[in-house]
Amino acid sequence: MSASRTTRLVLLGALVLGLAVIYFPLLVVLLNSVNADTTFAWPPSSFTLEWWHRALGNQGALDALATSALVGVASTAISLVLGTMAAFALQRFRFFGRDQVSLLIILPIALPGIVTGIALNNAFRTILGIDLGLFTVIVAHATFSIVVVFNNVVARLRRMGGNLEEASMDLGAGGATTFRLVTFPMLRSALLAGGLLAFALSFDEIIVTTFTLGTGMETLPIWILNNLFRPNQAPIVNVVAAVLIVFSTVPVYLAQRLSGDTNAGGRL
């Protein structure tokens, strides 16, 4: 066996082991959501959909799901607008401090969540005098969701260049018409990919949410944390966790397809 073949096998084994460590626990959660044994003995001896029916009737879980969806959609909308504007400003214009501004935009996603959460909590309550609630958690989620939109749009703008836009304006089209007919169609898949990633990040965020959500309010991850160690809620927690896995995985998969399929213009 050649050294290169040995290296490939070792790397393949490490890859398989790493993926198993990551995804086997997720598989266990999915199987436990239909495990008929309330002690969750492994392997499952029988399966049932009873826990799914109970989860559909659990008002606390449904309210948390609605809150997560609302926060995710609102923060994604804010991120799309601000992230796109920032990308155009930093990619199309040269000005003093441009690199520093770019760093400040990207920094929130690199900071530990607990640092961001504490900083935003102090800013809202102490400096601005705003009570924590739905508005504060939406703003908090937008601070890090902007980053993925910004990165996607910047990358697309770099690939696009400015030739087509310049040609459009040379032919008599105004700035608004050029953006609507030339720029936006080429950016559409990057915006959709960034929006999907922003929603996925917001939907399963828990640390920043803990510091910025109002009293008595729960998002889906917060609801899972609060009910995780309640024995009578354990089967429903597994169902809700399974739903959370799906809601987080599908947007990431679609965003990866849209971002990777550059030759097709980002079409699925």
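In case you missed it, the structure is sitting above this.
Just so it is clear, the model here is predicted, and its values are computed rather than measured. (Residues numbered from 1 in each chain as written. Predicted model: local features only at pLDDT ≥ 70, side-chain atom pairs only at ≥ 80, totals over all residues. Heavy atoms only, no water.)

Caption draft 1: Expanded view of the overall build of the protein chain. Regarding its fold elements, the protein chain presents 11 helices and zero strands. From first element to last, N terminus to C terminus, the protein chain shows the α and β order α-α-α-α-α-α-α-α-α-α-α. Seen through its C-alpha atoms, the protein chain measures out along the principal axes to roughly 70 × 70 × 35 Å. A total of 268 residues make up the protein chain; the buried ones form 38% of that total. (Helix = DSSP H or I, 4+ residues; strand = E, 2+ residues; numbered from the N terminus. Buried < 20%, exposed > 50% of the residue type's maximum accessible area, 1.4 Å probe, protein only.)

Caption draft 2: Looking closely at helix α5 (residues 113-127). With 15 residues, α5 extends 20 Å from end C-alpha to end C-alpha; this agrees with the ideal 21 Å at 1.5 Å per step. Of the positions making up α5, those classed as buried are Thr-116, Gly-117, Leu-120, Asn-121 and Phe-124. When α5 is viewed along its axis, its buried side chains cluster within an angular range of 130° and face the same direction. Projecting away from the buried face of α5 at angles above 90 degrees are the exposed residues Thr-126 and Ile-127. Against the buried residues of α5 lie α4 (98-110), α6 (134-160) and α9 (207-212). (Expected span 1.5 Å × (residues − 1). Arc of directions from axis to C-beta. Contact = heavy atoms within 4.5 Å.)

Caption draft 3: Just the pattern of salt bridges, in detail. A full pass over the atoms with the stated rule returns two salt bridges. Glu-50 is the salt-bridge partner of Arg-54, the closest N and O atoms lying 2.6 Å from each other. Taken together, the residues span about one helical turn, with Arg-54 and Glu-50 both in helix α2 (residues 50-56) at a distance of four residues. Judged by its relative accessible area of 44%, Arg-54 falls in the partly exposed class. Across the pair Arg-98 and Asp-99 runs a salt bridge, and its minimum N-O distance is 3.9 Å. For Asp-99, a relative accessible area of 57% translates into the label exposed. (Salt bridge = Lys/Arg side-chain N within 4 Å of Asp/Glu carboxyl O.)

Caption draft 4: Region of the structure containing the side chain of Asn-58. Within the secondary structure layout, Asn-58 lies in the loop between α2 and α3 (59-92). Classification of Asn-58 as buried rests on a relative accessible area of 14%. Here the side chain of Asn-58 touches Gly-60 through a polar contact of 3.1 Å, landing on its backbone nitrogen. (Polar contact = N/O pair within 3.5 Å; in protein donor to acceptor, adjacent residues only side chain to side chain.)

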